[in-house]
Each structure stands twice: as structure tokens, then as C-alpha cells.
Amino acid sequence: MSVYDNLNPPQKEAVLCTEGPLLILAGAGSGKTRVLTHRIAYLISEKGVNPWNILAITFTNKAAQEMRERVNNLVGEGAESIWVSTFHSACVRILRRHIDFLGYDNHFAIYDTDDQKNVMKEVYRKLEIDTKLFKERAVLAEISHAKEKLISPADMEKEAGRDRTALVVANAYREYEQILRKNNALDFDDLIARTAELFEKHPQVLEYYQERFRYILVDEYQDTNYAQFRFVSLLASKYRNLCVVGDDDQSIYRFRGADIQNILGFEHDFPDTRIIRLEQNYRSTKNILQCANMVIANNEKRKTKTLWTENEEGEKIHFRQFMNGFEEAEYVVGEVQAAVRTGEAKYKDYAVLYRTNAQSRMFEEKLLAAGIPYKIVGAVNFYARREIKDLLAYMRTVDNSVDDLSVRRILNVPRRGIGDRTQEVLQDYADEYGISFYDALCQIDEIPTLKRSAGKIGSFVSMIRMLKTKAEDCSVRELLEEIISVTGYRDELEKEGTEESESRLENIDELISTAQSFMDAAKEEGREATLSAFLEEIALVSDIDTVDPGQDYMLLMTLHSAKGLEFPRVFMTGMEDGVFPGYGTIMSGTQADMEEERRLCYVGMTRAMKQLTLTAARQRMIRGDVQFNKTSRFIHEMPREIVDLGHTVRETSGSVKESMKARSGLPFASSKPSRGFSDTAPGIYRNNPYTHVPKPAKQFQVTAAAKPDYQEGDRVVHMKFGTGVVKSIVSGGRDYEVTVDFDRAGIKKMFAAFAKLKKI
DNA sequence: TTAACAGGCCTTTTT
DNA sequence: GGCCTGTTAA
């Protein structure tokens, strides 16, 4: 009896089939991590493959960590030389060694979204782009998409042709790249794109890694983008031992460039592919699975498959609707509290999932009040906090003073009386002589116009110099502590004495302990704890990675963050049209967009092992004002006979159960959406002890905005965009969404109440 | 040069 | 509701 006998037949087949391209279509909870880890073990112990020759790629650090642990347990000796990492960190490792082939310094910095925005600001200033006409976010998104497809600024420019708008973006892209290069920095997309470029331009480097990684495994293949596909296929093209695992039904990152074609066309990209399907689910109850299957079956674009399970039938799916988000949160908190009190469950058995991060606030308040331990994943990344970024910018300056962005960030933090004006002069000087911002600081005496600030800048420079010297022979932690004290950063916050400064200080302490544990970990693994390595690790860490399974707290996160995780009990909240699926998808989305939302729903549902509760609110505060939403269309797609609606139902209007019975036999999916659950009679679902007495119905009438006094085809004038023609007017619940083709600014979509268009 | 205030604009989703 | 930008007063 070997370890492989515990696998079911298709799983076993996937483990044993080690040579050549292999596509494993693994449904949710079908044990794919198990297959991957056993496969690695099999390669090493049965096939005599050198661990050194194996590369396993995952999407999140957490998944990588988990796989690493399981591989370690299975393999023992030699496991540490297997590369188990995310796309991003694998690429960083490669680039640190070989990016000099592309003319970069191997000490490059990694820019996060925040840094990218700052670079963009500089681009706008240089090219005199109007922030009103081109949103930074949008341009950055386009650049990102270009990089995901390995499109260079030159390609983009060609493609733009004579399209003015597209040309501006292409120019911005080129300038953006120049700044990054000058700062010796890469953004997230670059990590992949530059590695692919490196492989393509330097065959000898590619060959080195092809020899190194003879066996490649890729998890979550449905979420890879073109650049990642390139990276993987280049690496695998020599030995062709490529095993990818994925599930087209769980593809939820199309918006950031994931190309579902990668998985659907895998057999085409790699002829002679063996395909194995894993359809037995080991995670969820029959009811949960059936419900999820029913929902996903509404998608047209998918490889049809049906998950099944031998698990017990389990509880019904619970659905509860409330008057507002407030009561929804109270219900969730109450349920958890009750179950924990009776010993039926632990906090860590629970996860609360929602569509957007903004929805976490309500739950956070209630949990805080109830004294329940919880952790919110991903709301504001720890490393994105101001104080942390400031301190990291100091460290980055010490590490790589060509990184203008970091130097500029800290030049006047804490306040040193060096203002914008001075910065501008310095930047101009640096630009003129083609030197870095930091070098300009060093040459302050050469700039006559800055006599007055020369002293302040001089002392800043000597402080950085001192830190640089210090960094050479002290640990990361010592350097950090030195920075905190010598800059007066801590003193400044301590003087403030507000609640906010208090929490900032706490964060700083946490950063210090992060540095310490980084050093400890490095020591244990026999690595050197260099400053660069520390900065790199931090750049690639996300929130979910810091979840400690030993602690008993409940988790709150977006549906996206939940992918790859499982919980005994799951709440999916905000199940309303307009929230989930989102407003934008309903109003202006394509069918493909809606299908992605549905897959997201499927992902959420299949996270649950034993208990799944769906909640919705009738009215909800969104962006400051109240919105009224129908129950999510996804709810209506679930089979009603396995959904429990709660029991406390107002008798007068006929119980819900009664009215349901009248349509018995019909799954929700086939009754008209608006009738499946009552959306018209408020106050029916008084199904929890916290529910307040419902208010009179008229309070919940939707008061639509006044219809605009222009029509389709009319010429209108807008304050900023000038004149244009109205293309369409769509009623969007509380306001009208107007699409206008402006003479100068192009096509814009806007809300009538905001836009204040005037007919001319 | 900076702090304080008003107004615009916004939201998916993340490595 | 909160973040960012631009304006103004000190």
C-alpha cells in the first residue's frame, strides 16, 4: 500500500502521467492540490527526478506556502530545492540574476499601484496631459493590459494610428516606461513581461532555465494572462513536461487580463496533450454542490462538466433577506455568536464573503461591538499605509538611490521645510543634466537659485549617506530602527498624541517585527537577510498571506480573495442585483461580464463545506446614499427545494412558503425573477431576533431622478467636455445614465444628475 | 509654505 | 461616505 493508493482513479492517473503536456480540469474541491503535491513526490521518489529540476507555480503566496508545506511532508529530503512560488516571485528571482542582460541594474525596485500612480502624475506633468480628460487610473489600466499582452509602447503607437486619444495613451505609456527605467524600477506587470522578454531576446538564458526546470506545474491555469502563458510555454518548450491545472468555471480575473483561452486552447498550444478531469468533490455537501451546479449551468461559455460528491446531503442552503445592511450584519454576527456559544462551531470556521471591499465596514463595526475576533483580508494592505510606505521609501533610497520616486517621497517627510517649489527646481536641474534626483541633491551647491534651502538639503543628504554607510554592516532591523529615530519620525508621531498617530506607531512596531521575522526566516533557511531581499519580499506579499490558521478568528474578504480557500461555514452577503452582480455589469456589461460574475458566485458557493448562508438587504447605503435593490438574479437560479428561507414569516400576506408551494416544482430559475422572492412587499422576512419592526412601505419607494430635458440625438453642452450629441439615455434605478459623444472629448458615459448637461 | 476647507468624483474585483 | 485636488487665508 503506497501513498498513491489513497487517490481516486483519475487523480492517480494525473499523478502517474509525468511526461509530456498534461491538462487537468479540476473542479472546485476535487483535490487538485493533493494531486499536484503527490505528483511532485512521485516525480522525485519514483522517477528519480532531481528536486532541483521542478518548478511549481501558484497564484498567491499563501497557496505556494501551503503547497510547500505539503510537499515537504511528502518528500522530505531535498524538498527545499524545489521551486514552489508565485509567477511574480519566480520572475523576480530570475530577474535578480539576469536582468542586466536587458540593461537594468539587478538592484531594481518594485513599484506598487501607489508608486505607479505617482509615476503617472509625473508623466502627466511632463506631457501636459489634462487630468480631466484622461483619468490616471484608466490610462494605467490600459498600460497594464498592454503589458499583460506584451505590447510595447511602439506597438501601441502603431496600433493607435491616427486616433488622438489612443495616441495620448501610447505616449503616456512610453514616457511611463522611461521613468521606470530611469528609476531602475519595475511594476508588477513588468516582472512577468520582462522575464518573457529576457527569454525571448537571450536564448542562452532561456536555455539555462529550460535545463533547470524540466518539470513544470502550474496551478490556477485559467487565470493566466498572455505574458504568463508566454513565460510558461517558453520555459516548457524544450522538455514539454508541462502540467497545468485549472477550472474554466473558476476563471474570475478576466478584468486583469486573464485569458480563458489559455486553458480552453491548451490542447491546441501543446499537441499530444493528455486531458484528465477531476469531477469528484470532497469538500462540500450534496446540497451546496447541487446549488452551485445549478447556478453555473446558466453560463453558456464553458466546458460542461458536473461535479458530484459522496458527501452527505447536509443542511439546506439558507437565504435571508433584511431591511438593510445594518440588520444583515447583525444577523451574521448573531448567528456566529450563537453557534460559538453552544460549542457547535469556532470563529475560524466562518468566513464572510462580499463583492466589494467597501462592504466590510458594516461587519467590522458589528464584530467589534460584539467582541468577536476577526480579520479583514485585503481592505487596506498593511504595506500601503502611509507610515509604512514612508519608512520603506527611506529603505529604498538607501538601497537604490536612483529610485527618484522614493527619494522625493521622503525629502520632506517628516517636515524639513523643503517645499514643492524647491523640489521642482531640483527636478528641473536633474532633468537638464540627465542625472537622478538624488544626485541633484548631492550637487546642491551648484544650483544658485536654491541658496536658502541648501543647508536643509545638505543635512538630508548627509543623513542618507550616514544611513548608507550604516546599512553596510548592520541588520535590516537595525537599519529600520535607525531610520525611525534619526529622522525624528517616531518623535513626530508621539508628539501628536492622537488616536490616529497611536495606530501609526503600532504599525511601525509591526514593521519592525516583520523585519525581525524576515531575518529569522532567512537565518533558518541559510539565506542572507539583505536589504534588497527584504524590500522585495514586502513588495510581493499580500494580506491573505498573513492569515494564521492557528488563531481562532473569523475571516472577512472579497469573493475574489476567497478563491482557493475553504471554510466549514460561509456567509455570502450582499446578494442583490446592483451589488452582486455589480451595477456596472448589469447596466453596461456584456454577457461575458455577467458570466464572469456568475463564476464568481460559483467560486463563493463552492468555498463552503458544511453550511452556506446567503444574505441580502432591501436597502443599502452605497457611496453615501440609499439604494434599493432586488435580490440577486443568482439567487433565483438556485433550486428552491434546497433553499431554506427561514421561518418567521408575516402571516397576513400569506407565508412565503405558501406562495412558494403554489408554484411548486418550478425551480427559482424558471419563474420570473421578480416573483421568485418577494421584491415588492417589504418586511416579509422578519426571520431573526434582531430584526426591527419594518417601517411603512412608502419609505422604500424608489424615487427616481427627474427625467432629463434632453433626448437622444439632441446636442448638449457639458461644463468640461464641451458640446456633443446624446447617444443614449438609460434609466439606471435612481438616476439616468446618459451616453454622449463629445466633439472634443469622445464618448463619455455619465449620470444625468452629475453631468448637468444643457440642451442647446 | 502650510493647514484648513470646499467641491468633484467615484467603485468592482488583485499580484 | 471618503479620497483627491485646488483654492484660500495665515
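About the criteria used
Residues numbered from 1 in each chain as written. Chains lettered and ligands numbered in written order. Predicted model: local features only at pLDDT ≥ 70, side-chain atom pairs only at ≥ 80, totals over all residues. Heavy atoms only, no water. Helix = DSSP H or I, 4+ residues; strand = E, 2+ residues; numbered from the N terminus. Buried < 20%, exposed > 50% of the residue type's maximum accessible area, 1.4 Å probe, protein only. Near = heavy atom within 4 Å. Nonpolar A, V, L, I, M, F, W, Y, C, P; charged D, E, K, R; others polar. Axes fitted to C-alpha atoms, helices over the stretch in contact; angles between N-to-C directions. Parallel < 35°, antiparallel > 145°, perpendicular 65-115°, else oblique. Contact = heavy atoms within 4.5 Å. Core = buried A, V, L, I, M, F, W, Y, C linked by side-chain atoms within 4.5 Å. Pairing = 2+ DSSP bridges. Salt bridge = Lys/Arg side-chain N within 4 Å of Asp/Glu carboxyl O.

The next point concerns unusual backbone geometry. Between Phe580 and the following residue, Pro581, the backbone shows a cis peptide bond with an omega angle of 0°. Following the sequence through the fold, Pro581 ends up in the loop between strand S15 (567-572) and helix H26 (583-588). Unlike most non-glycine residues, Glu220 shows phi in positive territory, near 50°. Among the structural elements, Glu220 can be located in the loop between strand S6 (215-218) and helix H11 (226-236). Under the relative-accessibility criterion, Glu220 is labelled buried at 9%. Even without a glycine there, the phi angle at Asp272 is positive, about 70°. Structurally, the position occupied by Asp272 is in the loop between helix H13 (266-269) and strand S8 (274-278).

What follows concerns the protein's contact with DNA strand C. Taken together, Lys121, Arg361, Arg623 and Gly624 are the residues near DNA strand C. Its residues assigned to classes, the surface near DNA strand C comprises no nonpolar, 1 polar and 3 charged.

The subject of this paragraph is the packing of helix H14 (residues 286-296) against helix H27 (residues 591-605). Helix packing for two helices is described by the angle between their axes and how far apart those axes are. Here H14 crosses H27 at 175°, and the two axes come no closer than 9 Å. By the angle between their directions, the pair H14 and H27 is classed as roughly antiparallel. Where H14 approaches H27, its residues Ile288, Cys291, Ala292, Asn293, Val295 and Ile296 are matched on the opposing element by Arg598, Arg599, Cys601, Tyr602 and Met605. In the contact of H14 with H27, the residues fall into 8 nonpolar, 1 polar and 2 charged.

Residues Met395, Leu426 and Leu441 are the most contacted members of the largest nonpolar core, which totals 52 residues. By size, the runner-up hydrophobic cluster in this structure holds 44 residues, among which are Ile296, Val377, Leu555 and Met594.

Across 4 bridges, the pairing between strand S16 (residues 608-622) and strand S17 (residues 625-628) is antiparallel. Counterpart to Gln619 in the pairing with S17 is Phe628. Between S16 and S17, which pair antiparallel and follow one another directly, the connecting turn spans 2 residues, one of which, Arg623, has a positive phi of 50°.

Next up on the list: the pattern of salt bridges. Here the structure, examined in full by the defined rule, presents 46 salt bridges. Note that Glu330 is salt-bridged to Lys366, the shortest N-O span being 3.4 Å. Here Lys366 lies in helix H16 (residues 360-370) and Glu330 lies in helix H15 (residues 325-341), a separation of 36 residues in the sequence. On the accessibility criterion, Glu330 (19% relative accessible area) is buried. Judged by its relative accessible area of 15%, Lys366 is buried. With its nearest N and O atoms 2.7 Å apart, the salt bridge here joins Arg504 to Glu387. Highlighted residues: Arg504 in helix H24 (residues 499-525) and Glu387 in helix H17 (residues 386-399), separated in sequence by 117 residues. The residues Arg504 and Glu387 share a single accessibility class, namely buried.

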